[in-house]
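A structural walkthrough
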Amino acid sequence: MIPATTLSGRKVALFGLGGSGIATARALAEGGAAVTAWDDNPESVARAEREGITVANLREVDWSEFASFVLSPGVPLTHPKPHWTVELARGASVEIIGDIELFSRERAARCPDAPFIAVTGTNGKSTTTALIAHILAAAGRDAQMGGNIGRAVMTLDPPARDRFHVVECSSYQIELAPSLNPSAGILLNLTPDHLDRHGTMQRYAEIKERLVAGSDTAIIGVDDSYCAQIADRLERVGKDVIRISKRLPLTDGYFADGTDLMEAVRGQYSRIGFLEGIGSLRGLHNAQNALAAVAACLKVGLDLGEIQSGLESFPGLAHRMEQVGRRGRVIFVNDSKATNADAAAPALSSFQRIYWIAGGLPKEGGIDSLRSFFPRVAKAYLIGEAAPQFSATLGDAAPYEISGTLDAALQHAAEDAARDEAAEAVVLLSPACASFDQYRNFEIRGDAFREVVLALDGIVPFGGKR
């Protein structure tokens, strides 16, 4: 745990008592703050009270007594309208912050030179975060990974000069972290997402920009216009900017040339790494993730040999193009984290002969943006509420069936793929949808896929993962 000592002796309100909220309340109390916590869910309040956290209805307290208000990132700050606690805090002129801000303040107070890598972007941030933490750990460093992935940030070990924090940051968390200042900040890409919470694409991009704007070094993917403009803008004001591209050679920065990772210095190119033969980093999107990881790890002191070794031993991220198993020439891939069409595109672009399981709770636009990948689809197996919509989009472009459930889709896809004579066929769960119509979250959906795959006769698991 990281005790939140920067609010020692202060009264602090906290709303949101999920896992990270309870962890934050404990960190505040451990650091000497007087915490008053609440949640709209009575069960969460009761759980917190059982665990010794002071709870009180924040509608009925004197907000003028609070120095700070710590808000869960899942609670609306601005859109579609501010949560009632936000309005009360603003009315009393109480600062509104999140757990990433508490971490940033502790680092500044304890050890401002402690190596800290923060990662954001619309897609790829979890894989990039996990990859960086893996490279650091494989090189013998004390790597602490958390934030929007894995552990709540305040449950990690405290900042120290020889301890490397790698933190995934969502737009919600960045919005609540005004002093966020990583050693290396990564912005991978920007496409429309979470606009229900941020109102406009411009506001969403502005929030994401804050992470790299506050970084000692800004590592920015420049393959979309939003990020390219951010890189140019930060460079004009004197920020140390490293550009990365998965598509185009750069004059300065890092870019992918096939499976080779290249460095450009004033138009002179040299190979600094490679992804050939690394199944967990297959595809252009993973080239971008790897380039960001290389740039960040170099910035915090690793050498190219350590980085390449870490790339080659990376096992991949659960639910993100996770290679679950193989049966003969057929690979089974769990990409359950692809909860929208943009997130599904990387997997569809990475394989040539795909038996595609798609569907769930559809998002705006459906799968229309994925039409260029339909020729790769040997057959689609449609599940959940999106099945009728997706079948209409597929039309005559690819064979499909409406399977209804994940179990039925997987069984049918496995049977059909087994008859395919291609050198490699892939049964791919990449839903392009939220899971909420049939599963509580994408992890449970992916776990269900993995469980059924590993129960198939003749399956050889990848890397012994079960």
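This text follows the structure it describes.
Below is a summary of the structure that appears in this document.

Cut-offs used in this document
The numbers attached to residues start from 1 for each chain and follow its sequence in the written order. With the structure being a predicted model, the display of local features is reserved for residues of pLDDT at least 70 and the display and counting of side-chain atom pairs for 80 or more, all residues being used for whole-chain, interface and lining totals. Computation of side-chain values: all heavy atoms of the structure, hydrogens and water removed. We define the nonpolar core as a collection of buried residues of types Ala, Val, Leu, Ile, Met, Phe, Trp, Tyr and Cys that are connected through side-chain atoms lying within 4.5 Å of one another. When accessible area is computed with a 1.4 Å probe and restricted to protein chains, residues below 20% of their type maximum are described as buried, those above 50% as exposed, and intermediate ones as partly exposed. Only DSSP runs of H or I reaching four residues or more are called helices, and only runs of E reaching two or more are called strands; each is numbered from the N terminus. Any pair of residues with heavy atoms lying within 4.5 Å of one another is described as a contacting pair. Here a strand pair is declared whenever DSSP counts at least two bridges between the two strands. With axes taken as lines fitted to C-alpha atoms, and helix axes fitted only over the stretch in contact, angles between N-to-C directions fall between 0 and 180 degrees. Think of the arc as the fan of directions from the helix axis to the C-beta atoms. Take a side-chain nitrogen of Lys or Arg and a carboxyl oxygen of Asp or Glu: if they are within 4 Å of each other, that pair is a salt bridge.

With that settled, the discussion passes to the nonpolar core. The biggest cluster of nonpolar side chains holds 68 residues, and the ones touching the most others in it are Leu-28, Leu-58, Phe-69, Leu-71 and Ile-220. If one sorts the elements of this core by residue count, helix α8 (residues 201-213) sits on top with six residues. In contact with Leu-71, not counting residues within four places along its chain, are Phe-15, Leu-77, Thr-85, Val-86, Ile-96, Ile-97, Gly-98 and Leu-176.

Overall, mixed pairing links the seven strands, which are arranged β18-β17-β16-β19-β15-β14-β20 in an open sheet. Strand pairing shows two members of the sheet lacking a second neighbour, β18 (400-404) and β20 (460-461), which therefore form its edges. Where strand β17 (residues 377-383) and β18 come together, four bridges link them in parallel fashion. Paired with Leu-382 across the strands is Ile-402, a residue of β18. Running over the sheet, helix α15 (residues 442-455) touches β14 (322-327), β15 (330-334), β16 (354-359), β19 (425-429) and β20 and is turned about 155° from β15.

Turning our attention to helix α2 (residues 42-50). Buried within α2 we find Ser-44, Val-45 and Ala-48. The buried side chains of α2 occupy one side of the element, clustering within an arc of 100° when seen end-on. Away from the buried face of α2 by more than 90 degrees, exposed residues Pro-42, Glu-43, Glu-49 and Arg-50 are located. In the core, the buried residues of α2 are packed alongside α1 (19-30) and β2 (34-38). Directly after α2, the chain includes Gly-52, whose backbone phi takes a positive value near 90°.

With the rule as written, the count across this model stands at 25 salt bridges. Two residues, Arg-47 and Glu-51, come together in a salt bridge whose shortest N-O distance is 3.1 Å. Asp-416 serves as the salt-bridge partner of Arg-419, at 2.6 Å between the closest nitrogen and oxygen. Owing to a relative accessible area of 17%, Asp-416 belongs among the buried residues under this scheme. Where salt bridges share partners, they join Lys-379, Glu-401, Asp-416 and Arg-419 into one cluster.

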